[in-house]
Amino acid sequence: MTSVIVTRGLVKQYGRVRAVDGIDLDVRAADVYGFLGANGSGKTTTVRMLLGLVLPTRGEVELLGGRMPRAGRRVLPRVGALVEGPAHHRHLSGEANLALLDAAGPGGSRRTRKRRIAEVLDQVGLGGVGRRKVGAYSLGMRQRLGLAGALLRRPELLVLDEPTNGLDPQGIAEVRELLLDLHRGGTTVFLSSHLLAEVEQLCSRVGVLDRGRLVLQDEMAHLTAPTGATVVDTPAPERVRAVLDGRVLDTSGERVVVRGADPAEVNALLVGAGVPVTGLALQRPTLEEVVLAAAGTSADRVERP
Amino acid sequence: MIGVELRKTFGRPRTWVTIAVLNALPVLVAVLLRLTDLAPRPGEGPPFLSAVLTNGQLYPLAALAIVLPLFLPIAVAVVSGDAVAGEAQAGTLRYLLARPAGRTRLLVAKLVAVLAFVVVTVVVVAVVGYLVGTLLFDARPVGAGTSVSGTSLTAEQLAARTGLAIGYVAVSMLGVAAFGLFFSTLTDSPLAAALGALAVLVTSSLLLTLDAASPIAPYLPTRYWLAFVDLFRDPVLERDVVRGLALQGVYVGVLLTAAWANFATKDVTS
């Protein structure tokens, strides 16, 4: 599997503050990589270093096989990016904004520009307002236009920082579908977000950033793998404890956690003993539990030294 | 890239509003002169203004002299200060650089766009001045233009020297643009960048009035701005014009190098 984004010992120091503290990212082709972290944990600084906007204090960034920022001219045309919200010229139309952006760098053919712009506008659902001035767009429309700009050259890699910011629930679902669609078409997606639900629904790999350090990087399937316990919902938890003596790990209300990775076996025992069972499932940790276990307190909290 | 920046500069209404406002003052002055016939006495008021009542063809020069001390530098400072800082403030700078536009390329394109603005503005002021001048005042018959020294200039001489004067004013404004562009790479606020450039000019103008500052006077950016008047002496007094060109050349070279050095290695966090 080829790596699309690799960082080695990436450090960014602002004065005495270390915003990014030696992270080693590894994003592979065809991943949907969720880059999770609280506000202020260094996500955006990392994304900016990936794109060559901020220069690392130490360490290196390799993007699509090229060392950044030197290889930027070669590899960045193959990357679509949305960094910290969209930004456009308000007095120009959506189409004009995309055309200017496309003309500002290499890798966007002038011949196909009009067609590509019409295509991406349709793709993000702005086909009908392409000629309207961006100043008259809603926040959600601007976010969509930003996404359209990222998709303009059919990039191999999408680097998206909080792409669903400002979108309503329908819009979020639409963007999710769009990203999954692009992913099926072979695009690698690097999604930076603090929204656990978004990452959980989309991503195949996860990296968790905490105060500038990468505290976790693994396949989503590993992180949320079954724990080897079964969760039983029952109106009679005390009877479960009586039947499965010694196997009960935890009881809370009408929910009992029982050791044993085979719900059918647990069910047979309980039903055989006449215990009513209303629900039965393999226990899996949620992404939230995994992240909270790996990361410390919120980075917004600043305690007195 | 250069085409993109030119489209941005001349595609935005603000640019044309600025140019229109810039032309309003000379037009107003011309109308007032025409209505009252009260020209300043020779040697007082803006250069050339006393002469236009007798020869409207000199009005382009009077118009340039009217806007040169304040209006023109303000316009140039605003546009050049906006060049990079404006993109930073709007957030579009990060998308341009991630596109990738290339930092050096972007700066060069910005410079060319500012340059084009300077040239277009100065030429428009001159052309509007010519139209207003010939419309409102007597245009001397061909072959009877008057130099500042009192001798007469042929129409060709007058046209050629007016062209040179327009070029000289444009070069002077390039110095302002270099300050604006340099400050524009230092801050994310276009207002701060424009004010920075203007502060330099105000300081320079103030120091020029101060005898104690005379040792540094030859190196102040505004020192030779009005030297274009010397192009209309007979014979042409070249000394100040040449010094003015050289001085602006040094300022432009040093400031653009500094702007490039700063911008090429800057963390873009806007």
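Refer to the structure above for everything that follows.
Residues numbered from 1 in each chain as written. Chains lettered and ligands numbered in written order. Predicted model: local features only at pLDDT ≥ 70, side-chain atom pairs only at ≥ 80, totals over all residues.

Undergrad: Residue-level account of the overall build of chain B, with values.
TA: Along the backbone of chain B there are nine helices and two strands. Reading chain B from its N terminus to its C terminus gives the helix and strand order α-α-α-α-α-α-β-β-α-α-α. A compact globule built from 270 residues would reach a C-alpha radius of gyration of about 18 Å, and chain B, at 20 Å, matches this within 12%. Across chain B, every contact between residues at least 6 apart in sequence was considered, and the portion connecting residues at least 24 apart equals 75%. (Helix = DSSP H or I, 4+ residues; strand = E, 2+ residues; numbered from the N terminus. Rg over C-alpha atoms; globule rule 2.2 N^0.38 Å. Contact = placed C-beta atoms within 7 Å.)

Undergrad: Describe the environment of A:Asp218, with residues and values.
TA: Residue and element names in this part refer to chain A. Assignment of secondary structure puts aspartate 218 in strand β11 (residues 213-219). Along the sequence, aspartate 218 and threonine 286 sit 68 residues apart, while their C-alpha atoms lie 14 Å from each other. Excluding residues that lie within four positions of it along the chain, aspartate 218 makes contacts with Val206 and Leu223.

Undergrad: Describe the sheet that holds strand β13 (residues 248-252) of chain A, and please don't skip the residues or the numbers.
TA: Hydrogen bonds between backbone atoms are what pair the strands of a sheet, whose relative direction is either parallel or antiparallel. All names here are of chain A. Taken in spatial order, the four strands of this open sheet run β13-β14-β12-β15, and their pairing is antiparallel. Only two strands of the sheet have a single partner each, and these edge strands are β13 and β15 (279-282). Between one strand axis and the next, the sheet turns through 15 degrees on average, direction left out of account. Of the strand pairs in this sheet, strand β12 (residues 229-233) and strand β14 (residues 255-259) are connected by five bridges, and their pairing is antiparallel. Residue pairing in the sheet places aspartate 233 in a bridge with arginine 255 of β14. (Pairing = 2+ DSSP bridges. Axes fitted to C-alpha atoms, helices over the stretch in contact; angles between N-to-C directions.)

Undergrad: Can you break down the pairing of strand β4 (residues 32-37) of chain A residue by residue, with the values?
TA: Residues and elements named next belong to chain A. Burial analysis of β4 places six of its six residues in the buried class, which makes it a mostly covered element. Burial along β4 is two-sided: the residues Val32, Gly34 and Leu36 and Tyr33, Phe35 and Gly37 are all buried. Strand direction decides the pairing type here: β4 and strand β9 (residues 188-193), joined by five bridges, are parallel. Bridge assignment links valine 32 to a residue of β9, and that residue is valine 189. When β4 meets strand β10 (residues 205-210), the two strands line up parallel, connected through five bridges. (Buried ≥ 20, exposed ≤ 12 C-beta atoms within 10 Å, placed from the backbone.)

Undergrad: Could you give me a rundown of the packing of helix α3 (residues 94-103) of chain A against helix α5 (residues 139-151) of chain A, with the residues and numbers involved?
TA: Residues and elements named next belong to chain A. Look at α3 against α5: their axes get within 10 Å of each other, and the N-to-C directions meet at 30 degrees. The hand of the α3/α5 crossing is right-handed. Taking contact as the criterion, the partners of Gly94, Asn97, Leu98 and Leu101 in α3 are, on α5, Leu145, Ala148 and Gly149. Partitioning the contact of α3 with α5 into residue classes produces four nonpolar, three polar and no charged. (Left-handed = near helix turned anticlockwise from the far one by under 90°. Nonpolar A, V, L, I, M, F, W, Y, C, P; charged D, E, K, R; others polar.)

Undergrad: Tell me about the interface of chain A and chain B, and please be specific about residues and values.
TA: Taken together, the contact pairs 19 residues of chain A with 23 residues of chain B. Of all the secondary structure elements, the ones that give two or more residues to the side of chain A that touches chain B are α2 (72-75) and α3 of chain A. Per-element tally for the side of chain A that touches chain B: the top contributor is α3(A), with three residues. Taken together, the residues of the side of chain A that touches chain B break down into 12 nonpolar, six polar and one charged.

Undergrad: Break down helix α9 (residues 238-264) of chain B for me, citing the residues and quoting the values.
TA: Note: α-helices contain 3.6 residues per turn, so residues at a spacing of three or four share the same orientation. All names here are of chain B. Over its 27 residues, α9 runs 38 Å from end to end, which matches the ideal 39 Å to within 8%, given 1.5 Å per residue. Those residues of α9 that fall on the buried side of the exposure criterion are Val241, Gly244, Leu247, Gln248, Val252, Leu255, Ala259 and Phe263. Its buried side turned inward, α9 meets α4 (71-90), α6 (103-136) and α7 (155-186). (Expected span 1.5 Å × (residues − 1).)

Undergrad: For the pairing of β11(A), give the residues involved together with the corresponding values.
TA: Residue and element names in this part refer to chain A. Relative to β11, β10 is paired through six bridges, and the arrangement is antiparallel. By the bridge assignment for β11, glycine 207 is matched with glutamine 217. In textbook terms, the turn of a hairpin is the stretch between consecutive antiparallel strands, and for β10 and β11 this stretch comprises two residues, one of which, arginine 211, has a positive phi near 45 degrees.

Undergrad: Requested: an account of helix α1 (residues 2-11) of chain B, with residues and values cited.
TA: Listed in full, the buried residues belonging to α1(B) are B:Val4, B:Glu5, B:Lys8 and B:Thr9. Down the axis of α1(B), the buried side of the element spans an arc of 130 degrees, and every buried residue falls inside it. Buried residues in α1(B) make contact with α3 of chain A together with α2 (13-36) and α6 of chain B. (Arc of directions from axis to C-beta.)

Undergrad: Go over the packing of α7(B) against helix α8 (residues 190-208) of chain B with me, naming the residues and quoting the values.
TA: Residues and elements named next belong to chain B. Taken N-terminus to C-terminus, the directions of α7 and α8 make an angle of 140 degrees; their axes are 8 Å apart at the nearest point. The orientation of α7 relative to α8 falls into the category oblique. In the packing of α7 onto α8, the handedness of the crossing is right-handed. In this structure, α7 uses Val176, Phe179, Gly180, Phe183 and Ser184 to contact α8, whose residues at the interface are Ala193, Ala194, Gly196, Ala197, Val200 and Leu201. (Parallel < 35°, antiparallel > 145°, perpendicular 65-115°, else oblique.)

Undergrad: Go over unusual backbone geometry with me, naming the residues and quoting the values.
TA: Along the chain, A:Met68 connects to A:Pro69 via a cis peptide bond; the corresponding omega equals 0 degrees. The residue after B:Arg99, namely B:Pro100, is reached through a cis peptide bond having omega 0 degrees. In this structure, A:Leu64 is a non-glycine residue whose phi angle is positive, near 50 degrees. Along the chain, the position of A:Leu64 falls in the loop between β5 (58-63) and β6 (66-68). Taking the C-beta count within 10 Å as the criterion, A:Leu64 has 20 such neighbours and is therefore assigned buried. Even without being a glycine, A:Arg154 presents a positive backbone phi close to 45 degrees. Residue classification places A:Arg154 among the partly exposed positions, given that 14 C-beta atoms sit within 10 Å.

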